[in-house]
Structures are given as structure tokens and as C-alpha cells.
Amino acid sequence: QVQLVESGGGLVQGGGSLRLSCVASGSVFGISGMEWYRQAPGNERELVAGITMSGIPNYADSVKGRFTISRDNIKKTMYMQMNSLKPEDTAVYYCNMRIRSAWNGGFEAYWGQGTQVTVSS
């Protein structure tokens, strides 16, 4: 079984920073793309940032210049440094990884349980 565990969420004042982490554990034979999504109350889940297996990042326009996604393939971990946080960044943040869970299997998408980020004005 594969499990993704997120951490790093919390309550922060506007302009502050947080660093999210997402660690994969269990039967992990390889990880391709990794992404962070977020979902605010009453809104659909939206893509915030992604990073390819080779480390190429991409960002939603709303977070460009403020958020930085990174990964450590040895630690099977993805990070997102969030700076200059705004109240509109308030949401539950979810990680997603495409993981090969068997030596001869394909990549499947797995989700973390979500971590709450709340930015006060």
C-alpha cells in the first residue's frame, strides 16, 4: 500500500510564510509527477503547482513569484515553500503523486489527506 502524508499547514498572518511537505511511504518503486492542489470552501479543487520527475516546476498564475515547489527523490518527498501569503490562499492543500507501486506496474495517482492553511488579514 502507498500512503502520502502531508504536514506544515497552520494559521499565519498575511504576509507570512509556511512550508508544506508531503512524504510517500509504503510500496513505492518510482514517482513521476508531483503536484499540490488546494480547495477553499465552496470552490472546486484547483492545481497550485506541479513538478516533473526531472524537477521542472510549473505554477498557477495566482501563486507565481510567491510559492516554490521542490522535490527530494531519495526522500520521496515534495515541498512547497509559500511566502507572502494572502487571505485568499486559505484552503485545504492536497498533494498528489503518480507512483509505481510494483516493480512491473504502471504509475497511479495517489492523494494525501490534506492540510489546512489559514491566512488571516
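The written sequence of each chain sets the order in which its residues are numbered from 1. Reporting of local features is limited, given that this is a predicted model, to residues whose pLDDT is at least 70; pairs of side-chain atoms are given and counted only at 80 or more, and all residues count toward the totals for whole chains, interfaces and linings. Water and hydrogen atoms play no part in the side-chain values, which are based on all heavy atoms of the structure.

Caption draft 1: Geometry of the sheet that holds strand 7 (residues 67-72). Spatially, four strands are ordered 1-3-8-7 in an open sheet, and the strand pairing comes out antiparallel. Each edge of the open sheet is held by one strand with a lone partner, namely strand 1 (2-7) and strand 7. In this sheet, neighbouring strand axes are inclined to one another by 15° on average, regardless of whether the strands run parallel or antiparallel. Any two strands between which DSSP finds at least two bridges are classified as paired. A run of DSSP states H or I qualifies as a helix once it reaches four residues; a run of E qualifies as a strand once it reaches two. Both are numbered from the N-terminal end. Here strand 3 (residues 18-26) pairs with strand 8 (residues 77-82) via six bridges, running antiparallel. For Arg-19, the partnering residue across the bridge sits in strand 8 and is Gln-81. Geometry is summarised by axes, namely lines fitted to C-alpha atoms with helices restricted to the contacting stretch, and by angles between N-to-C directions that run from 0 to 180 degrees.

Caption draft 2: Spotlight on unusual backbone geometry. In this model, Lys-76 sits at a positive phi of 55°, which is unusual for a non-glycine residue. Positioned with a positive phi, Ser-84 is a non-glycine residue whose angle comes to about 50°. Considering the arrangement of structural elements, one finds Ser-84 in the loop between strand 8 and strand 9 (91-100).

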